[in-house]
Amino acid sequence: FGRGCYKSYEVGVNPNISRIRKGNDVYLDNILKSGHGSVLEHGWLNWMLCEVSRVFTHELVRHRVGTAFSQESLRFVRTNEIGFWLPGDLEVINTETGLLTLEQVDATNKILIETVEYLEGQSKRINETLKLDEIKSFDIKKRLTTIVRRILPEGLSTNIGWSCNIRTLRHLLEMRTSRHSEEEIRLVFGQIGYKVKERFPNLFGDYKIEMVNGLPEFTTEYKKV
């Protein structure tokens, strides 16, 4: 697509061109340097992000340009157990600032776990009260399941299918691994960054990685390609 913009397939096709860049690595490096980002919109990657929280997915789906989403439905999927990821930022804040005591960290983590366990128990009670396992109609079970989901926490684990083009992913790598972004989305996009940097070095090899608060931060000189 990029070569089609300038007819830069070979010397002689476009009289204005006296030389061409041979090799995918050299060509794509020039695309990044020149900021010709529209070319990267033609390449798409598909991801299945599993056991992430709905805190994470609520932030992810805000990025609408160059993306597509298919998320696990809490209307169709009945939840018996609440998968929950316990954030580690309490310990980081305590280490960095000293504003929290270890007792505060431990007590807060205990409250978080107790709250999730309580909500999990209550959702099971509702399921048992409604005798959902005895209902044959899927439509009725779906309607009752959507009632139960209203007490489930935003931190509930979920799965989401996510597709994005290369240009969008480059933007999100910088934005969502930034030290100023939310902890879980930094964790997930850090893993995505490592994978694409290794798998597609011609497209993501320009990124530099710095560990900040125990998580990778991806930066590049080719900003907003």
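Reference entry: report on the structure contained in this document. (Residues numbered from 1 in each chain as written. Predicted model: local features only at pLDDT ≥ 70, side-chain atom pairs only at ≥ 80, totals over all residues. Heavy atoms only, no water.)

Bringing the sheet that holds strand 1 (residues 44–53) into the picture now. Sheet strands associate in pairs through backbone hydrogen bonding, adopting either a parallel or an antiparallel arrangement. The sheet built from three strands is open, its strands ordered 1-3-2 with antiparallel pairing. A strand with exactly one partner marks an edge of an open sheet, and here the two such strands are strand 1 and strand 2 (67–71). Pairwise comparison of adjacent strand axes, ignoring direction, gives a mean angle of 20° for this sheet. As paired strands, strand 1 and strand 3 (residues 157–165) are joined by eight bridges and run antiparallel to one another. In the sheet register, W47 faces strand 3, and the bridge partner there is W162. Contacting strand 1, strand 2 and strand 3, helix 7 (residues 166–176) runs over the sheet at an angle of about 120° to strand 3. Here helix 8 (residues 183–199) sits on the sheet and contacts strand 1 and strand 3; the angle it forms with strand 1, its principal contact strand, is near 145°. (Pairing = 2+ DSSP bridges. Helix = DSSP H or I, 4+ residues; strand = E, 2+ residues; numbered from the N terminus. Axes fitted to C-alpha atoms, helices over the stretch in contact; angles between N-to-C directions. Contact = heavy atoms within 4.5 Å.)

Residues D89, E91, E96, E103 and D106 make up a contiguous surface patch of negative charge. Among the secondary structure elements, those contributing two or more residues to the negative patch are helix 4 (89–97) and helix 5 (102–130). In terms of residue count, the dominant contributor to the negative patch is helix 4 (three residues). For E96, the position within the fold is in helix 4. (Patch = residues over 30% accessible without salt bridge, like charges linked within 9 Å, V, L, I, M, F, W, Y side chains within 5 Å. Areas by Shrake-Rupley, 256 points an atom, 1.4 Å probe, with all protein chains shown as cover. Salt bridge = Lys/Arg side-chain N within 4 Å of Asp/Glu carboxyl O. Lys, Arg positive; Asp, Glu negative; His and termini not counted. Charge placed at Lys NZ, Arg CZ, Asp CG, Glu CD.)

Enumeration over the complete set of coordinates arrives at ten salt bridges. Taking the shortest distance from any N to any O, the salt bridge between E210 and R179 comes out at 3.5 Å. With E210 in strand 4 (residues 208–212) and R179 in the loop between helix 7 and helix 8, this residue pair connects regions lying 31 residues apart in the sequence. For E210, a relative accessible area of 43% gives the class partly exposed. The exposure class of R179 is partly exposed, given its relative accessible area of 38%. Among the ionic pairs, E217 bridges to R179, the shortest N-O distance being 2.6 Å. (Buried < 20%, exposed > 50% of the residue type's maximum accessible area, 1.4 Å probe, protein only.)

By themselves, these figures tell us nothing about what the structure is for.
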